[in-house]
Amino acid sequence: MKRQGPIILAFAIGMLMLIQFFTPAAFFKEAYNTILDWKQVVLGFTFILGTWSLIRYHYIKINRKRENWQYSYVTLAGLAITVLAALIWKTAEGPYPWLFNNVQVPMQSTMFSLLAFFVASASYRAFRARTFHATLLLIAGALVMLGRVPIGSYLSGSIFGVKISLVAISDWVLNVPNAAAKRGIMIGVGLGMTATAIKIILGIEQTYLGKTD
Amino acid sequence: MAFYDRMMSIDRRIIFLSVGLAVAIPIIVPLGFPVQISEETMNFYREMAALKPGDIILLSFDYEGDVMAELNPMAVAVLKHAFSRGIKVIAITTYAGGTGIAERLLTEAANRYGKTYGVDYVFLGYNPDWSGTMLRLGESFKATYPTDQYGKSVYEIPIMKNVETYRDIALVVSISGSALSEYWAIWAGGRYGARVISGNTAIQAILIYPYYKAGQIPGFLGGLKGAAEYEKLINAPGMGIRGMDAQSVAHALMLAFILVGNVGYFLFRRAKRREQK
Amino acid sequence: MLLTTAFMLLSLTTHLPCAVTPALIEVNDTPNDWGNSLTVRWKPPLPPDSIIRYEVWRAHHGVSPVEITTFTDSSSFAEVMTHAGWVRAGMNRANDTLFVDSHLSKDTSYVYRLATYAPKMIILSNQSQPLRPERQYLDRSHTNILIATILFIAAVVTFVERARRGASLFIRRIAGLEAIEEAVGRATEMGRPILYVPGLEAMDEVATVAAIDILGQVAKKAGEYGTRLLVPNRDPIVMAVAQQVVRESFSAVGKPHMFRSQDVFYVTFSQFGFAAAVAGLMMREKPATNFFMGRFYAESLVLAETGNATGAIQIAGTDADAQLPFFISACDYTLIGEELYAGSVYLSRQPLLLGALKAQDYAKAIIIGAAIGVVLLYLVRPEIAEMIRKAFG
């Protein structure tokens, strides 16, 4: 029953969500809205679970003096200060927005900006004309990179009377081969999603319950 | 180590330093490259320009601090365009970290254009379940957000008076650094018939093309380039246009590194062939 | 009635505007609803530039008639209408000529009139024919999806049944999944842990379900070899499920003592906060093998490049197509889209799951066939292709 209960529940809720899509019946509409409301509430509670896991992880690290355990104090202090700032002074003014704008935002932006460096090093390593396909990828990549920035319009012009626009070529690459390939992947992904959803509703797929065999 | 080997294995620290300089210098010393308007930005602009004073847009801040540099210029430009034309804005965020950003940008834009909170714009805040939020808004805005960000009942907020579902919203604008714009198009657009346009990071913009070609997202801003083009169209130059010089130089530098790597590779292959002979 | 006449007289001025044609309104049942709304459409009685707004007025069938069609004062107009038993159903902007009146009863007949507000005058339309909302049990706009869903469910059930009866179903070789054993073995030889990141999305994302499926198989291998497995999470529910899966997998291979709940942990909900923490973990713990399975966004390259710098063998799998180039350039093996979904089936070879995978393949073949067929039809007989598009659109 420990496992059958959730499977029956998943089947019932899954069928309800499926049927409501095809009927305007008031009962299904109300049930659908109630489930969406509940989903929001449940998700709110998951943050408690996450916070508990975070505290436990760092408590154990400090307690057992694992490597770099001192930094766990920084994490726990950061958590406590942010929560207290929001509880005492609320979120609209006081130290909370200050912490957000001057600590969290710069740290997150810094992490995101690393992408520029990593993209450069990864593309330098990966874009080698080793095979015909790799050469094709290299040419397409170079054209898109140039066509997506203003410098691309400087490099456009006429060759033997034929007007060549890097911006137009870049747009074509993105709009035609890129969009076509993405659609192919998206159709596959869409079918995979539907199949997985059906497997969960029918109880064929049970990994989300922790079952591994 | 042979010369071609060096060309093929440049230390990543040299690459990192060069990229850092290529981005920083043009921001300090602007080069003023011209901005050419792309079709998708023009269509985004057309969607916004077609709105009439009094129309209401739903502006969703689907991002947080990390992608602010790329997406804030878009959100700022959308707010400028909307407020300068008397278009009302209902703002939400699907990220906890988006709350601070949305509050700041809305307040700055409202102060600049003399807009009143509750009448010309409202911020409904953050809901932890983005998918549920998108679907629930199609049934009832007021049930999804019973209060605004500051705890005031939406029934007491004038701008919300006649807003029940997406039907009462002229346009949904999703500014996103993730796949959320696609979900807005699928759920708010596909399921509830809302008209959705988006502003996306350059990486995510590639994914928007199939939706754009199918008309599910009739216009979008792709990365900083899209922001710069839109700023040019609404005649409000900002961080988008300033960032384009840096992006141009950085792209050129990356291509230079790729070229060096490939020249090294050709020299290496030639040397190898000669050895075999 | 006397009061109504008085209000009417009050509302008229001595200088009546020139005659205008009232708007023609058309009321229909709203399709695909539960009998609780009617749709009102109209043609603008004046050029759009000279219209301020519209008001839609509703009454029960049998209401007292309002004969006057032109007013100059909005408050007396509203009083006349209210006294006659009319209710203002809603307002529309000048450019909007459609109004859906909701929250109606299917047992009542309704009539409508439209008030067009122009500068200095209000023009009232004629009364619409009485109409009662009708109830529909099936949303016909979703018929195409309903047919496709039924066919797809039937295909899944059929193939699952065939697999259950022992039919042999072929599944092609997937290099990234073949390499799992080798990757886990390498970590064991080097005495370093394995890192498994189950994406950034929640449990309702199919990519996450697939990532958790594969995690179960990886955990079994790690358990067999006695190698430590680290699973950082961005979503608390995914963390709870991952803990359960790793615990069961270790138990299944007879190593329950190997499970440590602090090795399957929550980091942060922040996207780049998570990327920073995982990158830091890679630099400190130097895992010999990194798995990135599930839904990833822009942080994919930060993770994969850091792993590349630490010299780990890396296997990635995602259905986020924008991230595929990054994983392909920085990882040793990459599972593309559906290969990720097929991962657990491939590794476990469970006949039931294999059956569903087969159904997916056939559905894809039908879609490809239909796409090619429609393209050819557009070239040969575009009018028929257009008919099909409209029928399914």
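Quick caveat, the model's predicted, so the values are computed rather than measured. (Residues numbered from 1 in each chain as written. Chains lettered and ligands numbered in written order. Predicted model: local features only at pLDDT ≥ 70, side-chain atom pairs only at ≥ 80, totals over all residues.)

Caption draft 1: Spatial organisation of the overall build of chain C. Across its full length, chain C holds 12 helices and 14 strands. For chain C, the C-alpha radius of gyration of 33 Å lies well beyond 21 Å, the compact-globule estimate for 393 residues. Oriented by its inertia axes, the alpha-carbon framework of chain C measures out at about 100 × 50 × 40 Å. By the burial criterion, 45% of the 393 residues in chain C qualify as buried. Long-range contacts, defined here as pairs at least 24 residues apart, represent 73% of the contacts in chain C between residues at least 6 apart. (Helix = DSSP H or I, 4+ residues; strand = E, 2+ residues; numbered from the N terminus. Rg over C-alpha atoms; globule rule 2.2 N^0.38 Å. Buried ≥ 20, exposed ≤ 12 C-beta atoms within 10 Å, placed from the backbone. Contact = placed C-beta atoms within 7 Å.)

Caption draft 2: Expanded view of the overall build of chain B. Tallying secondary structure elements over chain B gives 11 helices and 6 strands in all. If one aligns the C-alpha atoms of chain B with their principal axes, the spans along those axes are about 85 × 40 × 30 Å. With 277 residues in all, chain B has 56% of them scored as buried. A separation of at least 24 residues holds for 72% of the contacts in chain B among residues at least 6 apart in sequence.

Caption draft 3: Up close: the nonpolar core. Ile57, Leu79, Ala91 and Ile169 of chain B together with Leu215 and Ala242 of chain C are the most contacted members of the largest nonpolar core, which has 203 residues in total. Residue contributions to this core peak at 11 residues, all from helix H5 (residues 206–225) of chain C. If we skip the residues at most four places from it in the chain, Ala242 of chain C touches Pro198, Ile212, Leu215, Val231, Asn233 and Val264 of chain C. Judged by nonpolar contacts, the second largest core, of 25 residues, contains Val66, Val80, Ala115 and Ile122 of chain C. (Core = buried A, V, L, I, M, F, W, Y, C linked by C-beta atoms within 7 Å.)

Caption draft 4: Up close: the domain arrangement of chain B. If you check the domain split of chain B, you get domain 1 (3–30 + 246–276) and domain 2 (39–237). For domain 1 of chain B versus domain 2 of chain B, the separation of C-alpha centres amounts to 39 Å. (Domains from an automatic or database assignment.)

Caption draft 5: Broad picture of the interface of chain B and chain C. On the side of chain C, 12 residues touch chain B, which itself brings 15 residues to the contact. Within the side of chain B that touches chain C, the residues separate by chemical class into 4 nonpolar, 7 polar and 4 charged. (Nonpolar A, V, L, I, M, F, W, Y, C, P; charged D, E, K, R; others polar.)

Caption draft 6: Seen up close, the packing of helix H4 (residues 95–126) of chain A against helix H8 (residues 300–309) of chain C. Running from N to C, H4 of chain A and H8 of chain C cross one another at 55 degrees; their axes reach a closest spacing of 9 Å. By the angle between their axes, H4 of chain A is oblique relative to H8 of chain C. Taken as a pair, H4 of chain A and H8 of chain C cross one another with a handedness that is left-handed. Across the interface between the two elements, Met111, Leu114, Leu115, Phe118, Val119, Ser121 and Ala122 of chain A of H4 of chain A pack against Leu301, Val302 and Glu305 of chain C of H8 of chain C. (Axes fitted to C-alpha atoms, helices over the stretch in contact; angles between N-to-C directions. Parallel < 35°, antiparallel > 145°, perpendicular 65-115°, else oblique. Left-handed = near helix turned anticlockwise from the far one by under 90°.)

Caption draft 7: Focus on unusual backbone geometry. Backbone geometry places Lys65 of chain A, a non-glycine residue, at a positive phi of 50 degrees. You can call Lys65 of chain A exposed: it has 8 C-beta atoms within 10 Å.

Caption draft 8: Region of the structure containing the sheet that holds strand S3 (residues 121–126) of chain B. All names here are of chain B. The strand order S3-S2-S1-S4-S5-S6 describes an open sheet built from 6 strands, whose pairing is parallel. Edge positions in the open sheet fall to S3 and strand S6 (220–222), since each of these has one partner strand only. Averaged over neighbouring strand pairs, the angle between their axes works out to 15 degrees when direction is ignored. Bridge analysis of strand S2 (residues 88–93) against S3 gives 4 bridges, and the strand direction is parallel. Opposite Ala91, over in S3, you have Phe123 as the bridge partner. Packed on one face of the sheet, helix H9 (residues 202–213) meets strand S4 (171–176), strand S5 (196–200) and S6 and runs near 145 degrees to S6. Where helix H10 (residues 223–233) meets the sheet, its contacts fall on S5 and S6, and the angle it forms with S6 comes to roughly 125 degrees. (Pairing = 2+ DSSP bridges.)

Caption draft 9: Inspection of the environment of Asp101 of chain C at higher detail. Residue and element names in this part refer to chain C. If you trace the backbone, Asp101 turns up in strand S6 (residues 98–101). Along the chain, Asp101 and Gly317 lie 216 residues apart, while their C-alpha atoms are 49 Å from each other. Asp101 has contacts with Ser37, Leu38, Val40, Val56, Arg58, Ala89 and Gly90, leaving out every residue within four places of it along the chain.

Caption draft 10: How the structure looks around the sheet that holds S6 of chain C. Residues and elements named next belong to chain C. The 3 strands are arranged S1-S2-S6 in an open sheet whose pairing can be described as antiparallel. Lying at the two open borders of the sheet, with one neighbouring strand each, are strand S1 (24–29) and S6. Shown here is a sheet whose adjacent strand axes are inclined to one another by a mean of 20 degrees, direction ignored. Pairing of strand S2 (residues 38–43) with S6 involves 4 bridges; the strand directions are antiparallel. Within the sheet, the bridge partner assigned to Leu38 lies in S6 and is Asp101.

Caption draft 11: Spatial organisation of the domain arrangement of chain C. Residue and element names in this part refer to chain C. What the domain assignment reports for chain C is domain 1 (2–124), domain 2 (142–155 + 353–392) and domain 3 (169–349). Placing a centre on the C-alpha atoms of domain 2 and another on those of domain 3 gives a separation of 35 Å. Classifying every residue of the side of domain 2 that touches domain 3 gives 3 nonpolar, 1 polar and 1 charged.

Caption draft 12: Layout of the interface of chain A and chain C. Contact residues are listed per partner, giving 48 residues for chain A and 60 residues for chain C. For the side of chain A that touches chain C, the secondary-structure elements that each account for two or more residues are helix H1 (4–22), helix H2 (26–63), H4 and helix H7 (166–201) of chain A. Counting residues per element, the side of chain A that touches chain C draws most heavily on H7 of chain A, which supplies 13 residues. Across the side of chain A that touches chain C, the residue classes break down as 27 nonpolar, 14 polar and 7 charged.

Caption draft 13: How the structure looks around the pairing of strand S3 (residues 53–60) of chain C. Residue and element names in this part refer to chain C. Of all 8 residues in S3, 6 are buried, a share of seventy percent or more. Here S3 runs beside strand S7 (residues 110–118); their pairing, made up of 8 bridges, is antiparallel. Across the sheet, the residue bridging to Val56 is Leu114, located in S7.

Caption draft 14: Just helix H4 (residues 175–190) of chain C, in detail. Residue and element names in this part refer to chain C. Taking 1.5 Å of rise per residue, 16 residues should cover 22 Å, and H4 covers 23 Å from first to last C-alpha, within 8% of that figure. By the largest-angle criterion, Glu181 marks the main kink of H4, which is about 30 degrees. For H4, the complete set of buried residues consists of Gly176, Leu177, Ile180, Ala183, Val184 and Ala187. Looking at the buried residues of H4, the elements they touch are strand S9 (194–197), H5, strand S12 (289–293), strand S13 (313–318), strand S14 (333–336) and helix H10 (338–348). Just beyond H4, the residue with positive phi is Gly191, at close to 70 degrees. (Expected span 1.5 Å × (residues − 1). Bend = angle between axes of the 7 residues up to and from the residue.)

Caption draft 15: Spatial organisation of helix H6 (residues 236–252) of chain C. Between its first and last C-alpha atoms H6 of chain C spans 24 Å; for 17 residues at 1.5 Å apiece the expected length is 24 Å, and the two agree. Among the 17 residues of H6 of chain C, 12 are classified as buried, and the element is accordingly described as predominantly covered. Three or more residues of H6 of chain C are buried, namely Pro236, Ile237, Val238, Met239, Val241, Ala242, Gln243, Val245, Val246, Glu248, Ser249 and Phe250 of chain C. Here the buried face of H6 of chain C lies against H2 of chain A together with H5, strand S10 (229–233) and strand S11 (264–266) of chain C. Gly254 of chain C sits one or two positions beyond H6 of chain C and adopts a positive phi of about 75 degrees.

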